[in-house]
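Coordinate inspection notes
Listed here are the chains, written in short residue letters.
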Amino acid sequence: MSVIYQDLRQFSTYIPPINLTFHQYLLFTSEPILFHTGSVQQATELVPKLKTILGDNNLNYIFVSHFEADECGGLSYLLEHFPQAKAICSEVTARQLTGFGLTQECITKKPGEKLTTESYELEFFSYPSEIHLWEGLLVLEKRRGIFFSSDLMFRFGEASDAVLESNWKTEIDDISKEQVPDPERLIKLQQTLKQLNPNFVATGHGPCLNV
């Protein structure tokens, strides 16, 4: 675990056979929120670390960008230990999470909607995620300027506690058709993201980015 940016904590697991690092993030405020759960195996390692950091505090929310093992595979396990936490996701992801029995209750958000608390302001954006183009969500924490990129902006290799200097427009232009295989939706996504002005990208895989 490392404090990767302001009050954002990063948890990382490197998988050598695929040369890829998986990250989860905790925004540790008075209303803590976790971004992604990791797989079940990663969640079993994550929970003790979260309990150490949180102490007597509750985990309020768990953000799930889309339905995939490293984004939500450990959700049921996490909710066993933090039953008061609520998953935040798209309507499509909510149907998948409940249908597979990972949770019985979700807070659903649509692109353009926000979640505002005393500690942070989250704005949600459409994410046509990967090969199935299931409607997921990307999120920007507006007060700190942290963009959570899920699988959009990533690099291979061991990348625990790693931050690169980059350029926001370049990162957006480099989103590939393998990540969003519908050309029209890819262009629309890029146009939307170019309107944003984040300071920091918390990636799902690879080094984080100062932009």
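Below is a summary of the structure that appears in this document. (Residues numbered from 1 in each chain as written. Predicted model: local features only at pLDDT ≥ 70, side-chain atom pairs only at ≥ 80, totals over all residues. Heavy atoms only, no water.)

Let's talk about the side chain of His 205
Where we set the bar: Helix numbers and strand numbers start at the N terminus; a helix is a DSSP run of H or I with at least 4 residues, a strand a run of E with at least 2. The buried label goes to any residue with under 20% of its type's maximum accessible area, the exposed label to any with over 50%, and the partly exposed label to all in between, with areas taken from a 1.4 Å probe on protein chains only. Any N or O atom pair separated by 3.5 Å or less is treated as a polar contact, with the protein-specific requirement of one donor-capable and one acceptor-capable atom, and with residues adjacent in sequence counted only for side-chain atom pairs.
For His 205, the location among the structural elements is in the loop between β13 (200-203) and β14 (208-210). A relative accessible area of 5% means that His 205 is categorised as buried. In this structure the side chain of His 205 is engaged in a polar contact, spanning 3.0 Å, whose partner is the side chain of Asp 151.

Remarks on the pattern of salt bridges
Quick note on the threshold: Salt bridge, as applied in this entry: a Lys or Arg side-chain nitrogen positioned within 4 Å of an Asp or Glu carboxyl oxygen.
Applying the stated rule across the entire model yields nine salt bridges. The partner of Glu 141 in a salt bridge is Arg 144, and the shortest N-O contact between them spans 3.1 Å. Glu 141 sits in the buried class, given a relative accessible area of 0%. Looking at Arg 144, the relative accessible area reads 10%, which means it is buried. With its nearest N and O atoms 2.8 Å apart, the salt bridge here joins Glu 171 to Arg 155. Residue Glu 171 is located in helix α5 (residues 168-173), and its partner Arg 155 is located in the loop between β11 (146-150) and β12 (163-165); the two are separated by 16 residues in the primary sequence. Three or more residues joined by partner-sharing salt bridges are found here, namely Asp 7, Glu 141 and Arg 144.

Describing helix α1 (residues 40-54)
Let me state the cut-off plainly: Each helix should span, by expectation, one fewer than its residue count multiplied by 1.5 Å. The quantity called bend is, for any residue, the angle between two axes fitted respectively to the seven residues ending at it and the seven beginning at it. In this description, contact between two residues means that some pair of their heavy atoms is separated by no more than 4.5 Å.
If you check α1, its first and last C-alpha atoms are 20 Å apart, about what 15 residues at 1.5 Å a residue would give, namely 21 Å. Along its length, α1 reaches its greatest deviation from straightness, about 30°, at Leu 46, and the proline Pro 48 lies no more than four positions downstream. Where α1 is concerned, the buried positions are Gln 42, Ala 43, Leu 46, Val 47, Leu 50, Ile 53 and Leu 54. Packed against the buried residues of α1 are β2 (8-15), β3 (20-27), β4 (33-35), α2 (69-72) and α3 (75-81). Positive backbone phi, at 60°, marks Gly 55, one or two positions downstream of α1.

Everything listed here is a matter of coordinates, which is why it stays silent on function.
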